[in-house]
Amino acid sequence: MHYGMTPTRNNPGVAHENGAIESTHGHLKKAIEDELLLRGSRDFAELAAYRRFVDEVVGRRNARKRKCIDIERPALKPLPDRRTTDYEEARVRVTSSGGFILRRVFYSVPSRLIGHRLNVHLYDDRLDCFLGATKLRTLQRGRPPQGSNKRGHVVDYHHVIDALRKKPMALLNLVYRDQLFPRRAYARAFTALLATQGEKQACRTMVAVLALAHDRACEAELADAIDAALDAGALPDLDALRERFRPAETAIPQVAVALVPLSAYDELAAVHQPNAALVFDGGLA
């Protein structure tokens, strides 16, 4: 409507009507594949690095059309005042398990949201969760395993640590246990604990380690300490870790409270009493 255009629809079952789009998409995928082969590796340090790589490939391909774009640019109309909706909307209910399922993926949320219905804006890489019109948090979008009917999981240990404290043995058979560990060091520690200790003690120790990371906000530093211990051939020492990451001691300030004499309340009551006569040095008032 903004550009005064009339939309059309393809006829069902007539694939070639979308050929102009699908053909270009196929050429771009082939170009990215060639660039990956020239790069020699498909490994990227983070998602942002891969996106920069794709942007460079797309930028080089679009540079060939620069002259055509420059010819059409003067005829382009202004952009709309508001951005178009580039997400899908969904409404989900947070179950007693402390999360919700959307597109065959389980997402954990804080337990205080159990029983509430959330409005979700589903993007390609994230989920924006709203309670009414209030945005609560943004979750990374997960994908179900390809070629399987199993569900995917996006779990934050901060959301389930209180429940695990009550039942540490639940950690052993959690379907999303691998996604629960925030860093590789925690998964290494649990594997080492299972190999040297009983399942019950290993679960208790691992839950205590996760609780320490949650309570002290020392996830990265704790992971480095665990890696150092495992590399030295030792298991994480829970007592030593608690001592190392305990909160700093602070001096309690001395507060002097001056108590008001009780006679002041009698004087205040006399002031607010109806028809009360106040006595001054010069007489009655």
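As a reminder, the structure under discussion sits directly above these lines.
Residues numbered from 1 in each chain as written. Predicted model: local features only at pLDDT ≥ 70, side-chain atom pairs only at ≥ 80, totals over all residues. Heavy atoms only, no water.

A.B. asks: Looking at this model, I keep getting lost on the pairing of strand β6 (residues 134-140). Mind explaining?
C.D. replies: The two faces of a sheet get side chains in turn, since along a regular strand they alternate between them. Pairing analysis gives six bridges linking strand β5 (residues 126-131) to β6, with the strands arranged antiparallel. Within β6, the residue paired with D128 across the bridge is T138. Between the antiparallel neighbours β5 and β6 lie two residues, among them G132 with a positive phi of about 70°. (Pairing = 2+ DSSP bridges. Helix = DSSP H or I, 4+ residues; strand = E, 2+ residues; numbered from the N terminus.)

A.B. asks: Could you clarify how one ought to interpret the packing of helix α6 (residues 184-196) against helix α7 (residues 199-216) in this entry?
C.D. replies: The description of two packed helices rests on the angle between their axes and on the distance between the axes. The geometry of α6 relative to α7 is characterised by a closest axis approach of 8 Å and an angle of 155° between their N-to-C directions. Here α6 lies roughly antiparallel to α7, going by the angle between them. Between α6 and α7 the crossing geometry is right-handed. Residue-level inspection shows Y186, A189, F190, L193 and L194 of α6 in contact with α7, the latter providing E199, A202, C203, T205, M206, V209, L210 and A213. Here the residues of the contact of α6 with α7 sort into 11 nonpolar, one polar and one charged. (Axes fitted to C-alpha atoms, helices over the stretch in contact; angles between N-to-C directions. Parallel < 35°, antiparallel > 145°, perpendicular 65-115°, else oblique. Left-handed = near helix turned anticlockwise from the far one by under 90°. Contact = heavy atoms within 4.5 Å. Nonpolar A, V, L, I, M, F, W, Y, C, P; charged D, E, K, R; others polar.)

A.B. asks: What exactly am I supposed to notice about the packing of aromatic side chains here?
C.D. replies: Geometrically, a pair of aromatic rings is defined through the distance of the ring centres and the angle of the planes. Counted according to the given criterion, the structure contains seven aromatic pairs. Ring centres 5.2 Å apart and planes at 75° place the aromatic pair F44 and Y50 in the edge-to-face group. Joined through ring pairs, the aromatic side chains of F44, Y50 and F53 make up one cluster. The ring centre of Y123 lies 3.7 Å from the NZ or CZ of R126, which sits over that ring. (Phe/Tyr/Trp six-rings, centres within 6.5 Å; stacked < 30°, edge-to-face > 60°. Lys NZ or Arg CZ within 6 Å of the ring centre and 35° of its normal.)

A.B. asks: Looking at this structure, I do not really get a nonpolar patch on the surface. What am I missing?
C.D. replies: On the surface, a cluster of nonpolar side chains totalling about 370 Å² of accessible area is made up of Y3, M5 and L79. Examined against the element boundaries, Y3 turns out to sit in the segment before α1 (19-39). Using a relative accessible area of 35% as the deciding quantity, one classes Y3 as partly exposed. (Patch = residues over 30% accessible without salt bridge, like charges linked within 9 Å, V, L, I, M, F, W, Y side chains within 5 Å. Areas by Shrake-Rupley, 256 points an atom, 1.4 Å probe, with all protein chains shown as cover. Salt bridge = Lys/Arg side-chain N within 4 Å of Asp/Glu carboxyl O. Buried < 20%, exposed > 50% of the residue type's maximum accessible area, 1.4 Å probe, protein only.)

A.B. asks: What is the right way to read the nonpolar core from this model?
C.D. replies: When a protein is soluble and globular, its nonpolar side chains tend to lie buried together. By size, the foremost hydrophobic cluster in this structure holds 36 residues, and its most contacted members are L180, Y186, M206 and L222. Those elements that provide at least two residues to this core are α4 (157-166), α6, α7, α8 (219-231) and α9 (238-244). Broken down by element, the residue count for this core peaks at 10 residues, all from α7. If we ignore the near neighbours within four places in the chain, the residues touching L222 are Y186, V209, L212, A213, L241 and F245. If you look at the next biggest cluster of nonpolar residues, it comprises 14 residues, including L102, V105, Y107 and V109. (Core = buried A, V, L, I, M, F, W, Y, C linked by side-chain atoms within 4.5 Å.)

A.B. asks: What exactly am I supposed to notice about the sheet that holds strand β2 (residues 99-102) here?
C.D. replies: Hydrogen bonding along the main chain pairs the strands of a sheet, whether they run parallel or antiparallel. The strand order β2-β3-β7 describes an open sheet built from three strands, whose pairing is mixed. Looking at strand neighbours, the two that pair on one side only are β2 and β7 (152-154), the edges of this open sheet. Between one strand and the next, the sheet's axes are offset by a mean angle of 20°, whatever the strand orientation. Sheet topology note: the β2/strand β3 (residues 105-108) ladder contains four bridges and is antiparallel.

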